[in-house]
Amino acid sequence: MADELTVEAVGLERCEEWDALVARSAQASLFSTAAWLDALAEASGEEAVLVGCRRGGGLVGGVGVHVRRACGFRAARTHPLTPFGGLVLAAADGAGRTLHEGELHAVSSALGRYLGRFDHVRLLHAPELVDVRPLQWDGWRVDVRYTLLVDLRGGAAAALARMGKSLRKQARRAERGGYAAWVAGDEASLAEFGRQHAAVYQRQGLRAPLAAEALAAWCRRLIDGGHGALYCARDPEGRFAAGTLVVWDRRRAYWLLGATDPERRGAGANALLHWTMVRELSDRFEAIDAVGANTPHVASYKRAYHGTLAPYYATERTPSRLFRAAAWARALWGRGRARRRADVTGGDP
């Protein structure tokens, strides 16, 4: 029947139709657009898959994921460099009829069932997706996470006044010490940011989502496409001290990635960098999403921006029993490695 829900893959060559769905969704953001998914697929080597749900020929919902293939498994996920992806649900169908709660539930459930063809699926949903019960009822694990929305309304003076006193003090100290911050689009700054970002993961014994060169190239594509900017702080000798990649859409800006040279961490360069960023972005946006406040250390630092806490959902499902067994064995082996590493370094596992 024409009004039945159907779910199918939507090729990137039909990106206009996909982006039209995203634009009319309450969950609309840069991170669900075809351009974002395609750019990250090119940088990571993972496949971008757009899944659309139709009623009467028009898209009424969808989900964009990146697919990794390894050891015979296929895992679909919201990429680690994508803070919010997950389900996008249209406020109305192709005929302009408003979708009520029952229809939205049906669309969510249909998309979830389609994703069951992957061995493992993990999605991070936009804060505007407030109802994930259909996925939970279908056996998905649901976790609550948090981000921080920093109010930029009222102009630069009002936005900076809302920032914590200690943050303002650090920024002024950096300025007096000869540090400076600005938007940097040159290749040397992008390359240094890529190296410092990779080093953040290396210091924790983790693998970075993208290698330094790939991250720099990805940043270049975002900047050239008009989707973001790289803010850098440098010391009096012109050496890299800190960097932040900011991206944006028509709704708000997003403080996406950051990296700091550990040798200059105590100079206040980060505070100066973010002071500059907030001052300039307040002329263009009503809010900046600080993108995540889910560990004590990060939450404590970002608290100084006096933002509003916003919950969002992570949903996960592992249809493949073999994948579950392999993941359990890998986790057990990883804990053993962590204990051995702690024995050698004297650190905390």
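Residues numbered from 1 in each chain as written. Predicted model: local features only at pLDDT ≥ 70, side-chain atom pairs only at ≥ 80, totals over all residues. Heavy atoms only, no water.

We now examine the overall build of the protein. A count of helical and extended segments in the protein gives 11 helices and 13 strands. Taken against the 2.2 N^0.38 rule, which gives 20 Å for 349 residues, the C-alpha radius of gyration of the protein at 21 Å falls within 12% of a compact globule. Judged by the C-alpha coordinates and their principal axes, the protein covers about 70 × 55 × 35 Å. Taking all 349 residues of the protein together, the buried fraction comes to 51%. Sequence-distant contacts in the protein: of pairs separated by 6 or more residues, those separated by 24 or more amount to 73%. With the model as given, the accessible surface of the protein reaches about 16,900 Å², and the carbon-plus-sulfur share is 52%. (Helix = DSSP H or I, 4+ residues; strand = E, 2+ residues; numbered from the N terminus. Rg over C-alpha atoms; globule rule 2.2 N^0.38 Å. Buried < 20%, exposed > 50% of the residue type's maximum accessible area, 1.4 Å probe, protein only. Contact = heavy atoms within 4.5 Å. Areas by Shrake-Rupley, 256 points an atom, 1.4 Å probe, with all protein chains shown as cover.)

What follows is about the packing of helix H6 (residues 165-176) against helix H9 (residues 269-281). Look at H6 against H9: their axes get within 7 Å of each other, and the N-to-C directions meet at 105°. Judged by the inter-axis angle, H6 sits roughly perpendicular to H9. Contacts between H6 and H9 involve Leu167, Arg168, Gln170, Ala171, Arg172, Ala174 and Glu175 on the former and, on the latter, Ala269, Ala271, Leu272 and Trp275. Residue composition of the contact of H6 with H9, by class: 7 nonpolar, 1 polar and 3 charged. (Axes fitted to C-alpha atoms, helices over the stretch in contact; angles between N-to-C directions. Parallel < 35°, antiparallel > 145°, perpendicular 65-115°, else oblique. Nonpolar A, V, L, I, M, F, W, Y, C, P; charged D, E, K, R; others polar.)

With 13 residues, helix H8 (residues 212-224) ought to run about 18 Å at 1.5 Å a step, and its terminal C-alpha atoms sit 18 Å apart, in line with that. Among the residues making up H8, those that are buried are Ala212, Leu215, Ala216, Trp218, Cys219, Arg220, Leu222 and Ile223. (Expected span 1.5 Å × (residues − 1).)

Attention shifts here to the packing of aromatic side chains. Here the structure, examined in full by the defined rule, presents 8 aromatic pairs. Their ring planes at 85° and their centres at 4.9 Å tell us that Phe31 and Trp36 sit as a pair that is edge-to-face. Of the residues examined, Trp36 reaches a relative accessible area of 1% and is grouped as buried. When the ring of Trp36 is compared with that of Trp218, the centres are 5.4 Å apart and the planes differ by 75°; the resulting orientation is edge-to-face. Remark: Trp218 occurs in helix H8 and Trp36 occurs in helix H2 (residues 34-44); sequence separation between them is 182 residues. The burial state of Trp36 is the same as that of Trp218; both residues are buried. Members of the aromatic cluster, joined through ring pairs, are Phe31, Trp36, Phe84, Trp218, Tyr254 and Tyr312. Here the guanidinium or amino end of Arg117 rests over the ring plane of Tyr114, the centre of that ring lying 3.7 Å away. Lying over the aromatic face of Trp248, Arg284 brings its terminal NZ or CZ to 4.3 Å of the ring centre. (Phe/Tyr/Trp six-rings, centres within 6.5 Å; stacked < 30°, edge-to-face > 60°. Lys NZ or Arg CZ within 6 Å of the ring centre and 35° of its normal.)

Take the state of the cysteines next. This model, assessed by the stated rule, comprises 0 disulfides. For Cys232, which is in no disulfide, the shortest distance to another cysteine sulfur is to Cys219 and amounts to 9.7 Å. What makes Cys232 buried here is its relative accessible area of 0%. (Disulfide = S-S within 2.5 Å.)

Looking now at the nonpolar core. Of all hydrophobic cores here, the largest spans 34 residues; its most connected members are Leu152, Leu281 and Ile288. Put simply, the parts of the chain that give this core at least two residues each are strand S7 (141-151), helix H5 (155-162), H6, strand S9 (228-234), strand S10 (240-248), strand S11 (253-260) and H9. Per-element tally for this core: the top contributor is H9, with 8 residues. The contacts of Ile288, once residues within four sequence positions are left out, are Leu148, Leu149, Val150, Leu152, Ala253, Tyr254, Trp255, Met277 and Leu281. (Core = buried A, V, L, I, M, F, W, Y, C linked by side-chain atoms within 4.5 Å.)

A few words now on the environment of Gly258. Relative to the assigned elements, Gly258 resides in strand S11. When the C-alpha atoms of Gly258 and Ser108 are compared, they prove to be 33 Å apart, with 150 residues separating the residues in sequence. Beyond its immediate chain neighbours, meaning those up to four positions away, Gly258 contacts Phe193, His197, Gly243 and Thr244.

Okay, the layout of surface pockets next. If you add up the space inside the second largest pocket, you get close to 200 Å³. If you trace the second largest pocket, you find 13 residues lining it, with Gln27, Leu89, Leu104, Leu129 and Asp131 closest to the centre. Here the element with the most residues in the lining of the second largest pocket is helix H3 (residues 101-114); it accounts for 4 residues. (1 Å grid on protein atoms, 1.4 Å probe; cavity = no way out; pocket = protein on both sides within 12 Å on 5 of 7 lines; lining within 4 Å. Points joined across faces, edges and corners; volume = space filled by probe spheres on them.)

Looking at the protein, pLDDT values average 88 and 92% of them are 70 or higher. Ignoring residues within four places in sequence, the model shows residues 336-349, a span with pLDDT below 50, making 4 contacts including any to other chains. (pLDDT = per-residue confidence, 0-100.)

Turning to helix H1 (residues 15-23), a few remarks are in order. For H1, the complete set of buried residues consists of Trp18, Leu21 and Val22. An end-on view of H1 places all buried positions within 100° of arc, on one side of the element. In the core, the buried residues of H1 are packed alongside H2, strand S2 (47-55), strand S3 (58-70) and strand S5 (87-89). (Arc of directions from axis to C-beta.)

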